[in-house]
Amino acid sequence: MYALQWKEKVCATCPSADCLLKCQYISFARHDEAHGEMMKVVRGEDSRVLHECATCYACEEYCKRGNHPFYLISERREERGMFTAPRPITNQWKNMTQMQGKYMVGQVKDKALSCCFIPDLGILGTGEIFKDVASAVAFGAEFMCPAVHTHFARMSVIKERLPIVIENFVKLGVKEVICLHDECYGTFTAIASAYGIDVPFKPVYYMDFLLSRMKEMKDRIKPLGIKAAYQRPCSNRLIPDKHPLVKEILDLIGVELPNREYQGENCLCCGEILRSVSGYKLADDVQERNLNDMVQTGAEYCVFNCPACQSSLSEKVAKKGLKPVHIIDLCKMALGEKERGVR
Amino acid sequence: MTYAHTIEHAEIVHRCFRCGYCKFPSDYVDFNCPSYKAFGWDTYSPGGRMWLIRAWLNDEIKSSPHFAEILYSCVACDNCKNQCVFPKFRDFLPDIFQETKAELVNDGRIPPEVRDYFKAIAISGNPYKLPQSERGKWAEGTGLQPYTNQEYLFYAGCVGSYDEVGQKMARSVGKLLSDAGISAGILGSEEACDGSEVKVLGEMGLFTKLAQENIGQFKAKGIKKIITLDPHALNVFKKDYPKLGGEFRVFHYTEILAGLIKDKKIALTNYPVKVTYHDPCYLGRHNQIYGPPREILKAIPGVELVEMHRNALNAFCCGGGGGNFFTDILGTGEDSAGRVRVREARDTRARIVAVACPSCAKMLSDAVKTEGLEDTLEVLGIAEIIERARAK
Amino acid sequence: MSDILKALIEIVGERGVSNTPEELWFYSRDPGVLTPHLPDYVVAPRTTEEVRKIVLLANREKIPVVPMGNGMSLTGLVIPLKGGIVLDMKRMNKILEVNAMARYAVVEGGTSQGVLKAYLQEHYPQLRHSIPDAPPTTTIAANAALHGQGRLTQQYGFNSEMVTGLEVVLPTGEVCLIGSPSLGPYWFSRGPTMPDLSALFLGWLGTTGIITKIGLRLYPNKKIRDVELFVTDRVDLIPDILYKLTHLEILEDVNVWFQPKPLMFQGNFHITLYFTGDTEEEIAFKRRMVWDALQEYMDSKDGGFMSVQYMKEMLMEMPQRGIADFADVPKGGGFEYSGPITIIEHFPQYAAKVVELAAKYDVLYASSARLISGGHCMMFSISFAFNRNDPAMMTRVKHALDEATAFALEMGGIPWKPNFMEQKMIMEKMDKNALKLLQMIKNNLDPQGIMNPGNWEVNS
Ligand SMILES: Cc1cc2nc3c(=O)[nH]c(=O)nc-3n(C[C@H](O)[C@H](O)[C@H](O)COP(=O)(O)OP(=O)(O)OC[C@H]3O[C@@H](n4cnc5c(N)ncnc54)[C@H](O)[C@@H]3O)c2cc1C
Ligand code: SF4
Ligand code: SF4
Ligand code: SF4
Ligand code: SF4
């Protein structure tokens with residue numbers, strides 16, 4: 001069985017304890033308090049972190065010393081038989097994402113277009129941008145990154161299923177897997193490496209793909225001339241080096257990204273997981289702050305990266321007067337493939 | 001389970017729950033299966049048919065004139081296919097009905113009206129038993145020329161060629177096409193029946209023969225694109241001819257006219273009138289063409305388009321489909337489809353019911369008379385309405 | 001042609017009678033598992049007068065009359081167990097009146113649920129009726145005749161309790177108005193303050209007369225409806241959870257369901273909670289109340305709210321079309337359910353029984369309970385699907401259902417829409433003097449025993 005590769009010494013000597021000091025959901029008075037709690041987690045002792053962490057993934061980004069605080073928290077919770085979300089919800093996710101042979105694979109040669117287990121991604125991965133890879137779709141639980149189970153502190157599910165998912169891609173004979181979901185890319189890179197799991201193909205982040213395709217079609221782009229607030233998803237915290245791509249892509253298609261409070265490292269969760277883990281009060285509060293912050297930028301659109309964020313926030317964003325749109329659809333709009341203002 | 005009779009989709013027949021969702025449109029406002037609406041027995045509903053077909057396959061009921069009437073009163077409107085709650089088999093409902101009719105044809109147990117229809121087509125090439133030489137007469141004065149190697153073939157079909165109401169419709173379309181400079185020719189006395197109704201009535205041998213001959217002729221003449229007057233022809237050309245090797249690009253005339261109007265190739269003046277549009281089943285539900293006829297009507301200055309309660313996917317059939325236009329098995333009673341439909345049109349307070357199919361034109365015109373609505377409601381083809389609004 | 005056929009044609013015309021093998025075959029059965037029995041005639045009246053004449057004829061000739069809506073009660077209640085006439089009521093489908101201010105509608109005896117729903121939606125969008133999740137072709141009168149339940153039953157009781165007046169053709173042919181319409185033009189009360197005669201026809205499954213007109217309460221149709229889905233894996237908590245939820249007095253409808261397939265539903269009990277409001281604030285307030293009421297189960301990790309996004313459209317439909325889908329799980333066109341009415345406390349025992357029976361008889365189950373009148377009781381459905389082409393499976397389903405009914409009676413529950421065998425079991429168990437009363441009523445109302453005979457056979 002794979003194990004989290006954890007460098008205890010690195011934590012022990014950490015001067016910042018940023019992982020917890022920056023946490024948006026647990027407050028600590030000082031460095032030593034935060035550091036002390038983290039060390040309890042490291043040593044396998046009980047800590048308020050294990051009870052209060054909202055599973056936002058952010059400490060994975062805050063730690064700049066190469067450790068994986070959030071995976072560790074999840075490991076420790078599972079060791080103690082703890083549940084983040086209610087037990088029936090946790091089990092439901094496990095059952096729902098179980099491999100049952102109901103997957104779909106297109107004409108895959110050396111490249112596959114991974115749609116995870118999210119039907120909406122299949123619709124996004126089409127058109128001129130994806131014309132060479134759209135037919136190479138891989139979709140279903142068999143190809144789904146199991147990262148979501150970190151929210152539920154069930155790292156065992158990840159350790160059990162991730163190698164099978166990787167094997168399933170290997171069986172397709174692919175050299176490259178283009179991941180339409182941040183979580184997949186984050187899993188094949190960040191999580192796999194943290195657990196020492198070998199990934200024998202090259203994971204390609206869809207925004208890298210998108211950017212290069214848009215550059216190739218540069219002369220077809222009609223700049224959109226709009227302002228959009230960006231909803232950064234939790235799984236982007238696993239791959240913070242990829243965050244700047246959003247601005248690059250939006251620049252290219254003439255979309256202004258106004259500054260707002262909850263952006264970059266300070267971005268807020270879409271709220272869906274918070275709702276199951278902590279209840280509606282926290283979720284409503286986070287969503288309300290996040291949306292009001294979007295509104296005050298004067299943005300016309302709310303641009304999404306993750307389809308799960310999009311489905312949880314679309315209706316609410318629209319009620320606030322913003323148009324919800326996925327970044328791929330924005331690109332399609334800039335190419336004239338899609339009408340403005342539609343999902 | 002082994003059956004006494006066989007049809008291709010026999011293994012699905014027992015899966016109908018007879019729940020009756022298929023009797024309705026999606027908002028349940030009224031019965032939307034024309035044969036159930038007209039006869040009122042559950043046996044005439046889609047689910048009833050399914051159950052009876054199973055009983056018949058099992059030899060629990062025998063072929064009989066009544067069983068044949070039940071099957072032949074289905075107007076192939078496809079409402080049931082869209083409304084059945086079982087996505088895994090609902091697409092096959094119309095196939096099952098057609099396959100059963102084909103078996104009845106094989107057994108020779110079909111209603112006399114149906115037999116007469118087949119006979120007329122086989123002998124005269126059209127249901128009206130009129131001479132083939134008169135088939136192209138309707139086109140006189142339209143400016144349409146015989147097909148040589150124009151871009152499009154304009155295919156009029158039996159109703160457009162021979163029926164008085166159909167001819168009027170064909171002429172108005174033909175004139176617009178030629179006036180707008182569309183490169184289209186007709187086959188005239190060389191045109192043959194498309195076989196759509198022959199197929200839906202279950203005479204597969206005759207259908208295959210007609211289709212193959214048409215395909216041969218179209219290919220020999222180098223025809224690549226076809227504009228049809230009749231949505232039934234459109235449907236059979238699009239869906240069945242390719243299986244027999246006939247791949248053509250097929251358009252309904254309203255698609256072409258909508259393009260011409262959009263491109264301002266037909267000049268229009270004010271024509272102030274309230275119009276409602278009746279979706280032909282074969283254009284709408286069968287081929288999902290809902291937009292172009294409406295775009296045309298909306299483009300005419302002065303025309304106010306009002307929808308009937310049941311429209312588009314939920315439109316109620318005129319009663320002419322499934323060969324009923326010729327066999328008249330639904331009859332003309334109070335709850336027959338055409339009469340129900342014109343009453344629905346009347347309720348919109350429109351002056352004109354716009355139609356896009358020659359069978360609908362005829363069925364609804366007759367129903368307007370039966371209902372005594374001649375003074376309030378006029379049935380007109382889309383092209384005839386354009387004609388009234390054309391800048392002179 | 002027989003004299004009876006001639007007489008029937010005289011009453012309803014050629015198109016209103018059939019005795020061809022096709023109609024007789026079809027009207028001899030329903031979609032459930034009971035054995036069919038052929039009728040002699042199928043008759044479809046259009047007016048009360050026609051119904052009256054048919055009943056007089058049946059009296060004269062001593063032939064059974066079986067009123068039928070859409071036959072979707074599934075328990076053989078419209079199978080003509082002793083032949084005779086099946087009376088297809090669906091051509092009597094008019095909506096006669098809506099009194100918006102007094103909030104009631106009057107419809108004919110064969111008017112379907114779907115047509116009333118569409119009519120209200122178009123003409124009285126501020127009003128609604130308690131629509132059941134049965135297919136929309138099913139009829140309002142039949143639903144009352146069998147004490148059905150609908151979307152507003154958790155708030156206002158059985159759909160039969162919403163009846164505000166009846167016009168009935170008695171088994172002896174008299175046309176009888178029940179309730180306020182017997183005194184004046186208004187259909188607002190089924191009985192009170194007089195003796196409530198409507199009880200002579202509701203729950204009697206067409207054995208005491210034919211409903212030709214029915215008045216029905218309508219209720220406010222709020223602008224917004226919303227839904228939450230609470231799940232728990234601890235069946236023992238369900239009664240308490242339901243108690244807390246009903247205490248709120250804000251829920252439109254509450255359904256508790258569990259099923260082994262698809263996998264995502266396995267192991268959990270799902271509580272679908274509907275609530276309504278005229279403003280977003282009202283909705284948000286009600287949602288908060290619901291969440292707060294169940295917070296303790298979230299804290300203990302025993303239960304939580306699942307995201308409904310992907311199921312919302314399906315859950316919001318009225319009727320919920322997806323329910324019929326269960327019939328096709330074994331690729332076979334059928335399911336049947338036993339739906340005892342019971343107290344909520346017994347949920348865990350019933351739930352265990354469903355699973356036990358499904359295993360014992362090797363059949364597929366699904367179960368859904370609907371709360372009635374703020375939790376005074378519930379309808380607990382024990383549903384088994386079958387493949388219509390597999391007679392052995394149908395027999396197993398039948399046995400499983402029989403056993404479910406025996407269990408319900410043992411538990412002090414009341415079988416709902418009982419088939420003729422279950423009716424016998426009920427009568428055997430019931431208080432002897434109550435049975436006597438039942439006999440007195442039935443024998444007096446239907447001296448010839450012609451109304452849906454085989455059902456509520458009080459004398460055997
Ligand atoms: C998928 C599905 C979901 C269902 N959901 C529900 C639900 O949510 N709630 C619910 O209550 N039921 C439900 N049912 C059960 C049933 O379909 C309904 O109770 C429905 O109302 C039955 O109506 P029907 O017209 O089909 O009645 P039928 O089966 O035709 O008749 C039922 C009984 O009423 C008698 N009857 C019919 N018409 C008259 C009349 N005019 N006068 C006197 N007696 C008459 C009949 O003789 C028979 O005894 C469901 C069934 C299915 C298949
Ligand atoms: S996880 Fe990273 S940031 Fe936190 S204490 Fe350890 S090294 Fe420091
Ligand atoms: S995952 Fe989020 S909530 Fe949990 S400790 Fe890390 S930063 Fe805090
Ligand atoms: S065809 Fe479909 S909708 Fe119609 S009765 Fe059968 S199962 Fe029900
Ligand atoms: S195709 Fe139309 S007429 Fe035929 S059964 Fe279906 S709904 Fe009825």
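Residues numbered from 1 in each chain as written. Chains lettered and ligands numbered in written order. Predicted model: local features only at pLDDT ≥ 70, side-chain atom pairs only at ≥ 80, totals over all residues. Heavy atoms only, no water.

Engineer: Is there a simple way to explain the overall build of chain C in this structure?
Structural biologist: A count of helices and strands for chain C gives 14 helices and 19 strands. In terms of C-alpha radius of gyration, chain C reaches 22 Å, essentially the compact-globule figure of 23 Å for 460 residues. With the C-alpha coordinates of chain C rotated into their principal frame, the extents come out at 75 × 55 × 45 Å. In chain C, buried positions account for 64% of the 460 residues. (Helix = DSSP H or I, 4+ residues; strand = E, 2+ residues; numbered from the N terminus. Rg over C-alpha atoms; globule rule 2.2 N^0.38 Å. Buried < 20%, exposed > 50% of the residue type's maximum accessible area, 1.4 Å probe, protein only.)

Engineer: How do you make sense of the packing of aromatic side chains when you look at a structure like this?
Structural biologist: Between two aromatic rings, the relevant description is the distance of the centres plus the angle of the planes. All names here are of chain B. Summed over the entire model, instances satisfying the criterion amount to 52 aromatic pairs over all chains. Plain terms: the ring middles of Phe218 and Phe237 are 5.7 Å apart, the flat faces sit at 85 degrees to each other, and that makes the pair edge-to-face. Taken together, the positions of Phe218 in helix α10 (residues 204–220) and Phe237 in helix α11 (residues 231–239) put the pair 19 residues apart, joining distant regions of the chain. Taken as a pair, Phe218 and Phe237 share a single burial class, namely buried. (Phe/Tyr/Trp six-rings, centres within 6.5 Å; stacked < 30°, edge-to-face > 60°.)

Engineer: Help me out: how do you make sense of the domain arrangement of chain B in this one?
Structural biologist: Reports of interface size often rely on the accessible area that becomes lost once the parts have come together. All names here are of chain B. In terms of domains, chain B is made up of domain 1 (10–110), domain 2 (130–257) and domain 3 (268–391). Inter-centroid distance (C-alpha atoms) of domain 2 to domain 3 is 22 Å. At the boundary of domain 2 with domain 3, total buried surface from both sides reaches about 2,400 Å², with 69% on carbon and sulfur atoms. Taken together, the links from domain 2 to domain 3 amount to two salt bridges. The interface formed by domain 2 and domain 3 holds six residue pairs in polar contact (both at pLDDT 80 or more) in total. (Domains from an automatic or database assignment. Buried area = accessible area lost by both parts, 1.4 Å probe. Salt bridge = Lys/Arg side-chain N within 4 Å of Asp/Glu carboxyl O. Polar contact = N/O pair within 3.5 Å; in protein donor to acceptor, adjacent residues only side chain to side chain.)

Engineer: Any chance you could explain the sheet that holds strand β10 (residues 210–217) of chain C here in plain terms?
Structural biologist: Backbone hydrogen bonds hold the strands of a sheet together, and the pairing may be parallel or antiparallel. Residue and element names in this part refer to chain C. In space, the five strands of this open sheet follow the order β5-β6-β10-β8-β9, with antiparallel pairing throughout. In the strand order of this sheet, the two ends are held by β5 (95–99) and β9 (175–178), each with one partner. Averaged over all pairs of adjacent strands, the angle between strand axes in this sheet comes to 10 degrees, irrespective of strand direction. Taken strand by strand, helix α3 (residues 48–61) contacts β8 (163–169), β9 and β10, and its axis lies near 50 degrees from that of β8. (Pairing = 2+ DSSP bridges. Axes fitted to C-alpha atoms, helices over the stretch in contact; angles between N-to-C directions. Contact = heavy atoms within 4.5 Å.)

Engineer: Which parts of the structure should I look at to understand the interface of chain A and chain C?
Structural biologist: In this complex, chain A contributes 23 residues to the contact, which on the side of chain C involves 23 residues. In total, chain A and chain C occlude about 2,000 Å² of area from one another, counting both sides; carbon and sulfur atoms represent 52% of this. Linking chain A with chain C are four salt bridges, by the criterion used here. Here Lys281(A) makes a salt bridge to Asp292(C), at a shortest N to O gap of 3.5 Å.

Engineer: Would you take a moment to explain the side chain of Asp226(C) for this structure?
Structural biologist: Tracing the chain through its elements places Asp226(C) in strand β12 (residues 224–232). Every residue in contact with Asp226(C), bar those within four places of it in the chain, is listed here: Leu273(C), Tyr274(C), Phe275(C), Ile283(C), Arg287(C), Lys312(C) and Met316(C).

Engineer: What is the right way to look at unusual backbone geometry in this model?
Structural biologist: Working note: non-glycine residues mostly have negative phi, and peptide bonds are mostly trans. Residue Pro192(C) is joined to Thr193(C) through a cis peptide bond whose omega torsion reads 15 degrees. For Ala76(B), which is not glycine, the phi dihedral falls at a positive 55 degrees. Overall, the relative accessible area of 11% leaves Ala76(B) in the buried class. A positive phi is found at Asp328(B), a non-glycine position, where the angle reads about 55 degrees. With respect to the element layout, Asp328(B) can be found in the loop between α14 (324–327) and α15 (337–347). By relative accessible area, which is 41% here, Asp328(B) ends up partly exposed.

Engineer: Even after reading the chapter, I still don't get the interface of chain B and chain C, so can you show me in this structure?
Structural biologist: Taken together, the contact pairs 46 residues of chain B with 51 residues of chain C. Of the roughly 4,000 Å² buried where chain B meets chain C, counting both sides, 58% is carbon and sulfur surface. The three residues of chain B that bury the most area against chain C are Phe17(B), Arg18(B) and Trp41(B), which together make up 21% of that side's buried surface. The closest approach of N and O atoms between Arg46(C) and Asp335(B), which form a salt bridge, is 3.7 Å. On inspection of chain B and its partner chain C, the count reaches 23 residue pairs in polar contact (both at pLDDT 80 or more). For the side of chain B that touches chain C, the elements supplying multiple residues, two or more each, are α1 (34–39), α2 (46–57) and α3 (65–72) of chain B. Ranked by the residues each element gives to the side of chain B that touches chain C, the list is headed by α2(B), at five residues. Residue composition of the side of chain B that touches chain C, by class: 27 nonpolar, nine polar and ten charged. (Nonpolar A, V, L, I, M, F, W, Y, C, P; charged D, E, K, R; others polar.)

Engineer: Looking at this structure, how should I read the site of ligand 5?
Structural biologist: Residues and elements named next belong to chain B. Near ligand 5, the surroundings consist of Cys33, Pro34, Pro46, Arg49, Cys74, Val75, Ala76, Cys77, Asp78, Asn79, Cys80 and Phe97. For the shell around ligand 5, the secondary-structure elements that each account for two or more residues are α2 and α4 (79–83). Split by residue class, the shell around ligand 5 holds nine nonpolar, one polar and two charged. (Near = heavy atom within 4 Å.)

Engineer: Even after reading the chapter, I still don't get the packing of helix α12 (residues 245–252) of chain A against helix α16 (residues 327–334) of chain A, so can you show me in this structure?
Structural biologist: For any two helices packed against each other, one specifies the crossing angle of their axes together with the interaxial distance. All names here are of chain A. As a packed pair, α12 and α16 sit with axes 10 Å apart at the nearest point and diverge in direction by 20 degrees. Classified by the angle their axes make, α12 and α16 are roughly parallel. Crossing hand, α12 versus α16: left-handed. Here Val246, Ile249 and Leu250 of α12 come into contact with α16, specifically with Ile327, Leu330 and Cys331. For the contact of α12 with α16, a count of residues per class yields six nonpolar, no polar and no charged. (Parallel < 35°, antiparallel > 145°, perpendicular 65-115°, else oblique. Left-handed = near helix turned anticlockwise from the far one by under 90°.)

Engineer: What am I meant to see in helix α1 (residues 3–12) of chain C here?
Structural biologist: Because each turn of an α-helix spans 3.6 residues, side chains separated by three or four positions end up pointing in the same direction. Residue and element names in this part refer to chain C. Along α1, the residues classified as buried are Ile4, Leu5, Leu8, Ile9, Ile11 and Val12. Projection of α1 onto a plane perpendicular to its axis shows the buried side chains occupying an angular sector of 160 degrees, all on one side. Every exposed residue of α1 that faces more than 90 degrees away from the buried side is listed here: Asp3 and Glu10. Its buried side turned inward, α1 meets β1 (17–18), β2 (41–43), α3 and β4 (85–88). One or two residues past the end of α1 sits Gly13, with phi positive at roughly 80 degrees. (Arc of directions from axis to C-beta.)

Engineer: Is there a simple way to think about the site of ligand 1 in this case?
Structural biologist: If you check the shell around ligand 1, you find 38 residues, and the closest are Pro67(C), Gly69(C), Met72(C), Ser73(C) and Gln149(C). The site occupied by ligand 1 is bordered by residues of chains B and C. Backbone polar atom of Asn70(C) to an oxygen atom of ligand 1: 2.8 Å apart, as the coordinates give it. Here an oxygen atom of ligand 1 and a backbone polar atom of Thr139(C) are 2.9 Å apart. Protein chains bury 98% of the 970 Å² of accessible surface belonging to ligand 1 in isolation. Looking at the shell around ligand 1, the elements with two or more residues in it are β3 (65–68), α5 (140–145), β10 and β16 (333–338) of chain C. By residue number, the principal contributor to the shell around ligand 1 is α5(C), which donates four residues. A breakdown of the residues in the shell around ligand 1 according to their chemical character gives 22 nonpolar, 13 polar and three charged. (Areas by Shrake-Rupley, 256 points an atom, 1.4 Å probe, with all protein chains shown as cover.)

Engineer: Would you take a moment to explain the pairing of β8(C) for this structure?
Structural biologist: Here is the key point about a regular strand: its side chains alternate between the two faces of the sheet. All names here are of chain C. Among the seven residues in β8, seven count as buried, and that is most of the element. Pairing analysis gives six bridges linking β8 to β10, with the strands arranged antiparallel. Residue Leu166 lies in a different strand from β10, and its bridge partner there is Ile214. The sheet contact formed by β8 and β9 spans four bridges and is antiparallel. Of the residues in β9, the one forming a bridge with Val168 is Cys176. Counting the residues between successive antiparallel strands, the hairpin from β8 to β9 contains five residues, one of them, Gly173, with a positive phi of roughly 100 degrees.

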